[in-house]
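Structural characterization, general
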Amino acid sequence: MKVHWTDTAEGHLDAIYAYIALDSLEYAKRMVDRLTRRSQQIAEHPFSGRRVPEYNIDQIREVIEGPYRIIYHIKPDQVDVVAVIHGAMDVLRSSEQKDE
């Protein structure tokens, strides 16, 4: 199945890179590479990730890579990666702030 990274998710990757790069450009590149490589697992086995507990909807899933949650939405024809957030973040609070 095709995996599509939304603009929001790509923005999250850019922010993660920029934050880690303040300490180490090499580690920043490695972390972003690790995060994007998870696309292969998502493409081949979209239901292998767990349901996002905050939503508990079967089509909204996540995989964990290091301290980050890669949240994706399974659609009939593709999988959309909608967010890459630090595990300590509150998903519901961050999505409500975007709506304001």
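Not measured: the values here are computed from a predicted model. (Residues numbered from 1 in each chain as written. Predicted model: local features only at pLDDT ≥ 70, side-chain atom pairs only at ≥ 80, totals over all residues. Heavy atoms only, no water.)

Quick look at the environment of proline 67
Counted only if it meets this: By definition, any uninterrupted DSSP run of H or I lasting at least four residues is a helix, any uninterrupted run of E lasting at least two residues is a strand, and each is numbered from the N terminus. Note on contacts: a residue pair is in contact if any heavy atoms of the two residues lie within 4.5 Å.
Considering the arrangement of structural elements, one finds proline 67 in the loop between strand S3 (60-65) and strand S4 (68-74). Each C-alpha atom of the pair proline 67 and histidine 86 lies 5.8 Å from the other, and the pair is 19 residues apart in sequence. Those residues within four positions of proline 67 in sequence are excluded, and the remaining contacts are Met31, Ile85, His86 and Gly87.

Structural notes on the pattern of salt bridges
Note the following rule: Salt bridge, as applied in this entry: a Lys or Arg side-chain nitrogen positioned within 4 Å of an Asp or Glu carboxyl oxygen. Each residue is assigned to one of three classes by its accessible area relative to the maximum for its type, calculated with a 1.4 Å probe on protein chains only: buried under 20%, partly exposed between the two thresholds, exposed over 50%.
If you walk through the whole model with that rule in mind, you get 10 salt bridges. Among the salt bridges present, the one from glutamate 65 reaches arginine 34, with a minimum N-O distance of 2.8 Å. Of the two residues, glutamate 65 sits in strand S3 while arginine 34 sits in helix H2 (residues 25-44), which places them 31 residues apart along the sequence. A relative accessible area of 13% means that glutamate 65 is categorised as buried. Here lysine 75 and aspartate 80 are joined by a salt bridge, their closest N and O atoms 2.7 Å apart. Given a relative accessible area of 31%, lysine 75 falls into the partly exposed group. Under the relative-accessibility criterion, aspartate 80 is labelled buried at 7%.

Considering H2
The following threshold applies: An expected span of 1.5 Å times one less than the residue number is assigned to each helix. To obtain the arc, one takes the directions from the helix axis to the C-beta atoms.
With 20 residues, H2 ought to run about 28 Å at 1.5 Å a step, and its terminal C-alpha atoms sit 30 Å apart, in line with that. Listed as buried for H2 are Ala28, Met31, Val32, Leu35, Arg38, Ser39, Ile42 and Ala43. Projected down its long axis, H2 shows its buried positions confined to an angular sector of 150°, all on one face. In H2, the exposed residues that point more than 90 degrees away from the buried face are Arg30, Arg37 and Gln40. Of the surrounding elements, those touching the buried residues of H2 are strand S1 (2-5), helix H1 (7-21), S3, S4 and strand S5 (78-86).

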